[in-house]
Number of protein chains: 2
Amino acid sequence: MRPSALSNIIERIEVDDVRFPTSLEQHGSDAMNLDPDYSAAYLSLHCNDGSTGTGLVFTIGRGNDVQCAAIEALAPLVVGLNVDDLTADPGLLSRTLLNDSHFRWLGPEKGVIHMAIGAIVNAGWDLLARRAGLPMWKFLGAMTPTQLVACIDFRYLTDALTPDEALAIFEAAQQGKADRISELETDGYRAYTTTPGWLGYTDEQLVTLSKQAVADGFHLIKLKVGKDLSEDRRRVALARDAIGPGIELAIDANQRWDVATAIDWVNALAEFDLAWIEEPTSPDDFVAHAAIARGVSPVPVATGEHCHNRVMFKQLLQLGGAQVVQIDATRVAGINENIAILALAAKFGVRVCPHAGGVGLCEMVRHLAFFDYVAVSTSLEGRMIEWVDHLHEHFTDPATVSSGRYVAPDRPGFSAEMKPASVAQFRFPYRTTETP
Amino acid sequence: MRPSALSNIIERIEVDDVRFPTSLEQHGSDAMNLDPDYSAAYLSLHCNDGSTGTGLVFTIGRGNDVQCAAIEALAPLVVGLNVDDLTADPGLLSRTLLNDSHFRWLGPEKGVIHMAIGAIVNAGWDLLARRAGLPMWKFLGAMTPTQLVACIDFRYLTDALTPDEALAIFEAAQQGKADRISELETDGYRAYTTTPGWLGYTDEQLVTLSKQAVADGFHLIKLKVGKDLSEDRRRVALARDAIGPGIELAIDANQRWDVATAIDWVNALAEFDLAWIEEPTSPDDFVAHAAIARGVSPVPVATGEHCHNRVMFKQLLQLGGAQVVQIDATRVAGINENIAILALAAKFGVRVCPHAGGVGLCEMVRHLAFFDYVAVSTSLEGRMIEWVDHLHEHFTDPATVSSGRYVAPDRPGFSAEMKPASVAQFRFPYRTTETP
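The rules behind each value
Residues numbered from 1 in each chain as written. Chains lettered and ligands numbered in written order. Predicted model: local features only at pLDDT ≥ 70, side-chain atom pairs only at ≥ 80, totals over all residues. Contact = placed C-beta atoms within 7 Å. Helix = DSSP H or I, 4+ residues; strand = E, 2+ residues; numbered from the N terminus. Nonpolar A, V, L, I, M, F, W, Y, C, P; charged D, E, K, R; others polar. Least-squares fit on C-alpha atoms with pLDDT ≥ 70 in both. Expected span 1.5 Å × (residues − 1). Buried ≥ 20, exposed ≤ 12 C-beta atoms within 10 Å, placed from the backbone. Axes fitted to C-alpha atoms, helices over the stretch in contact; angles between N-to-C directions. Parallel < 35°, antiparallel > 145°, perpendicular 65-115°, else oblique. Pairing = 2+ DSSP bridges. Domains from an automatic or database assignment. Right-handed = clockwise from strand over helix to strand, strands pointing away.

Thoughts on the interface of chain A and chain B
So, step 1. Contact residues are listed per partner, giving 51 residues for chain A and 51 residues for chain B.
So, step 2. Listed by contribution, the elements that provide at least two residues to the side of chain A that touches chain B are helix 1 (64-78), helix 4 (101-105), helix 5 (111-132), helix 12 (259-269), helix 13 (286-296) and helix 14 (310-318) of chain A.
So, step 3. With 6 residues, the top contributor of residues to the side of chain A that touches chain B is helix 1 of chain A.
So, step 4. Of the residues assigned to the side of chain A that touches chain B, the class counts are 24 nonpolar, 18 polar and 9 charged.

Observations regarding the relation of the copies chain A and chain B
So, step 1. Take chain A, turn it by 180 degrees, move it 0.0 Å along the axis, and it overlays chain B with an RMSD of 0.0 Å. Overall, the copies show the geometry of a two-fold rotation axis. The C-alpha atom lying nearest the rotation axis in chain A is that of Gly111(A); the distance is 2.3 Å.
So, step 2. With an isologous cut-off of 70% or more, the 100% of interface residues of chain A that recur at the interface of chain B puts this contact in the isologous class.

Remarks on helix 5 of chain A
Residue and element names in this part refer to chain A.
So, step 1. Spanning 22 residues, helix 5 covers 32 Å between terminal C-alpha atoms, matching the ideal 32 Å at 1.5 Å per step.
So, step 2. Most of helix 5 is tucked away, with 21 of its 22 residues classed as buried.
So, step 3. Just downstream of helix 5, Gly133 is the residue with a positive phi angle, here 70 degrees.

Details of the packing of helix 5 of chain A against helix 5 (residues 111-132) of chain B
So, step 1. Running from amino to carboxyl end, helix 5 of chain A crosses helix 5 of chain B at an angle of 160 degrees, the nearest separation of the two axes being 4 Å. Judged by the angle between their axes, helix 5 of chain A and helix 5 of chain B are roughly antiparallel. On helix 5 of chain B, the residues touching Gly111(A), Val112(A), Ile113(A) and His114(A) of helix 5 of chain A are Gly111(B), Val112(B), Ile113(B) and His114(B).

A short note on the sheet that holds strand 2 (residues 39-47) of chain B
All names here are of chain B.
So, step 1. Ordered by their spatial adjacency, 3 strands build an open sheet running 1-2-3, and the pairing between neighbours is antiparallel. Two strands lie at the open edges of the sheet, namely strand 1 (10-19) and strand 3 (52-59), each paired on one side alone. When the angles between neighbouring strand axes are averaged without regard to direction, this sheet yields 15 degrees.
So, step 2. Bridge count between strand 1 and strand 2: 9 bridges; the pairing is antiparallel.

Regarding the domain arrangement of chain A
Interfaces are often sized by the accessible area lost when the parts come together.
Residue and element names in this part refer to chain A.
So, step 1. Looking at chain A, the domain boundaries give domain 1 (3-134) and domain 2 (177-419).
So, step 2. One C-alpha centre belongs to domain 1, the other to domain 2, and the line joining them spans 24 Å.
So, step 3. On the side of domain 2, 32 residues touch domain 1, which itself brings 37 residues to the contact.
So, step 4. At the level of elements, strand 2 (39-47), strand 3 (52-59), helix 3 (92-98) and helix 5 are the ones that each hand at least two residues to the side of domain 1 that touches domain 2.
So, step 5. Tallied by class, the residues present in the side of domain 1 that touches domain 2 amount to 18 nonpolar, 14 polar and 5 charged.

A few points about the pairing of strand 4 (residues 189-197) of chain A
All names here are of chain A.
So, step 1. Counting buried positions along strand 4 yields 9 of 9 residues, so the element is predominantly enclosed.
So, step 2. Of the pairings in the sheet, the one linking strand 4 to strand 13 (residues 405-406) comprises 2 bridges and is antiparallel in character. Each bridged residue has a counterpart across the sheet, and for Arg190 the counterpart in strand 13 is Arg405.
So, step 3. Where strand 4 and strand 11 (residues 385-387) come together, 3 bridges link them in parallel fashion.

Section: the sheet that holds strand 2 of chain A
In any sheet, the strands associate via hydrogen bonds between backbone groups, in a parallel or an antiparallel arrangement.
All names here are of chain A.
So, step 1. Pairing is antiparallel in the open sheet, where 3 strands are placed in the order 1-2-3. In this open sheet, the two edge strands, each paired with only one partner strand, are strand 1 (10-19) and strand 3. Strand after strand, the sheet turns through a mean of 15 degrees between neighbouring axes, direction not considered.
So, step 2. Bridge count for strand 2 against strand 3 is 8 bridges, and the pairing is antiparallel. Across the sheet, His46 pairs through a bridge with Thr52, a residue of strand 3.

Details of the pairing of strand 4 (residues 189-197) of chain B
Residues and elements named next belong to chain B.
So, step 1. Across 2 bridges, strand 4 lies against strand 5 (residues 220-224) in parallel orientation. Along strand 5, the bridge assignment pairs Gly197 with Leu223.
So, step 2. Between the parallel pair strand 4 and strand 5, the chain is carried across by helix 10 (residues 203-215), and the sense of this crossover is right-handed.

Details of unusual backbone geometry
So, step 1. Following Ser297(A), the chain continues into Pro298(A) via a peptide bond in cis, with omega recorded as 15 degrees.
So, step 2. With respect to the helices and strands, Pro298(A) occurs in the loop between helix 13 and strand 8 (301-303).
So, step 3. Residue Pro108(B) is bonded to the preceding Gly107(B) through a cis peptide linkage, with omega at -15 degrees.
So, step 4. Mapped onto the secondary structure, Pro108(B) falls in the loop between helix 4 (101-105) and helix 5.
So, step 5. The phi angle at Asn254(B) is positive, at roughly 45 degrees, despite the residue not being glycine.
So, step 6. Take Asn254(B): it is sitting in the loop between strand 6 (248-252) and helix 12 (259-269).
So, step 7. Residue class for Asn254(B) comes out buried when judged on the 22 C-beta atoms lying within 10 Å of it.
So, step 8. Phi is positive for Asp273(B), which is not a glycine, with a value near 60 degrees.
So, step 9. Looking at the element boundaries, Asp273(B) is found in the loop between helix 12 and strand 7 (274-278).

Following this line, the structure appears as structure tokens:
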């Protein structure tokens, strides 16, 4: 073999602990997370032909080093893989990482190791899409139904979704695909904004930012709730008054309640016409979500950003625990597992409104929502992608929203890449005693 | 204040990556875990009065360094805590660690961070029991019902178990406590053995060890299954023939199947009179466990060793997914969360048969089973603790089984302490190129 035959090998993984000191400004504060420092366990795959792929895990500060250590620990499973093999088998990287029994023991399929696998899997996809010169949503959208089925690990899913059923979903979505791609390129995808509603903001900030959101063209705003009911009634009333009756208003409790409290609290706010109640209780507790959904109907229940794998989403849908599924780009085992989750949502006829914000989540998850419309659900009804206008300036292909809609990304890849200067400036531990 | 007022402070945490090269002998091999190297992320809390507490997380090899890194990352939350405060409030250490929002994001309440919290919480309990001069089961057994309630984090539990209901369970168990303690000191607690049944063993090993188990006084043996049905039928038949009809025979699939396969496979083995089917599918999937339990009845379903927190056990019981609950000493957030799980099992009237084996699991979990009989369920009916006769020689207070029964431990603490020479010999990476 000639040396050039080696040119498609992943030869190393670079990992950076990147932390933005967001707690100084109370951005991102909610009932559970009072002082987050939005962070990323950030990684690049480097091939010996010079091509690269980027991925990250979003965390909120302390422990980001543990997340980085997990990625480093998994690196030996990836270094040496041939990119042609990854291209030929879209489930290969995911399977290689998920089926290592030693690492699996540390989950299984959850927490630090699972998110590390997700970041590496996403970096692998990024590498392939860049080499193909396509933004991720188009790269995925161009795959055949059979290839998409091959992405999914059906273990533990077949009581709700078989390979044949998934294939039928993907095949049905072939029709009209080109038109939906054109539509997204022209019109983008509806966004909603959480920017007005952080708990740490003053009333004046809340009202001003709510009005601004409407002026900016958003159709829905979301408020954090769950610390104090009378405070919440006051804040939700202020927001509803600021946006008027024609704009949707969702609330987010960030896992704050038990079942009975959730039902009482949401019903005490229902007069303000709620678009959904998000994360009312433990993200693990689907029995509770189902009880809450019954208790607060017709207010829909939304959850998923902390739902740790496809098996959990499957049960959430089987039990009727959510009427809105909120996928996250870095909580599960990467694009492969998110394809499984999108297929499950389509099977159960439940709409998907992705979680975003954090570090790079808007950048990545927009590709999955666009792909879902193009090649899975083929629906936009009631669907929006979360938008938080923080930290985009650090990315080389930042998400952009115009007139309340995500603009279709057109640069190759999954958009997780940060500017080298940002990585250098915010690499932790910081080089000076002051925060950067 | 005089300097001696500082004498009860936790001043440092020491962490060791300890790995035993068990894969060389195929001990511990099952359908999912073919080559485990039984390992421990091992930690000691050191107080400045010289007292210590020990805990560990059991892992199966690769990634044990990530588990150690998680313990190190949490250490700053613990160093400086006053032991008198921990004594006064048995929920303090657990709450301090679980309520850090940054680390919580990495779970929440699952995976590497959650197990790290469990090891530290257990080390804190070990410290207190040693200072009191009591083995853990007696230390816990001596607590008042009110103190036991204070150990439990009821968040997300109240739709199934309220503080008042838990208090009633603990209060009812006060009666006859002294008699049950005496009974355990005299008779011990029934054990069952997994030693004959590892997948990597030959037929001859299987038959010889099965017969030996009966001769040793065990009332139940357990076989690993799930790789090949005809092989399993042959192996289960061999074992049943070796032990005769009077001894119980359980099978363990280690998460191998989906729902339909599980039901068919178990029913194809049911003629051999099965005591239970363990881990038939994903440990996250209670909807599936409930479907399997209906489909294989009257064979009971057992699970829990990978069930990652009290919320998951709650749903497992609410949905009827398990007739045998298998607690683990190092998967959840320590003794506090295991007290919650024991109380839940008592509330639902389901028996507990702890998972053991691994590194130190027999040593620790026996205390929880003994405590359960003394002060929670007050029942021994159908209850046994798993026994695997590996690696006990490395512990300073090894578990011992006599005539098929765990002997009551009498040394102070939670028995997680390893011999310094063992830690030194098996500390990873090994100092020579050969395994120790």
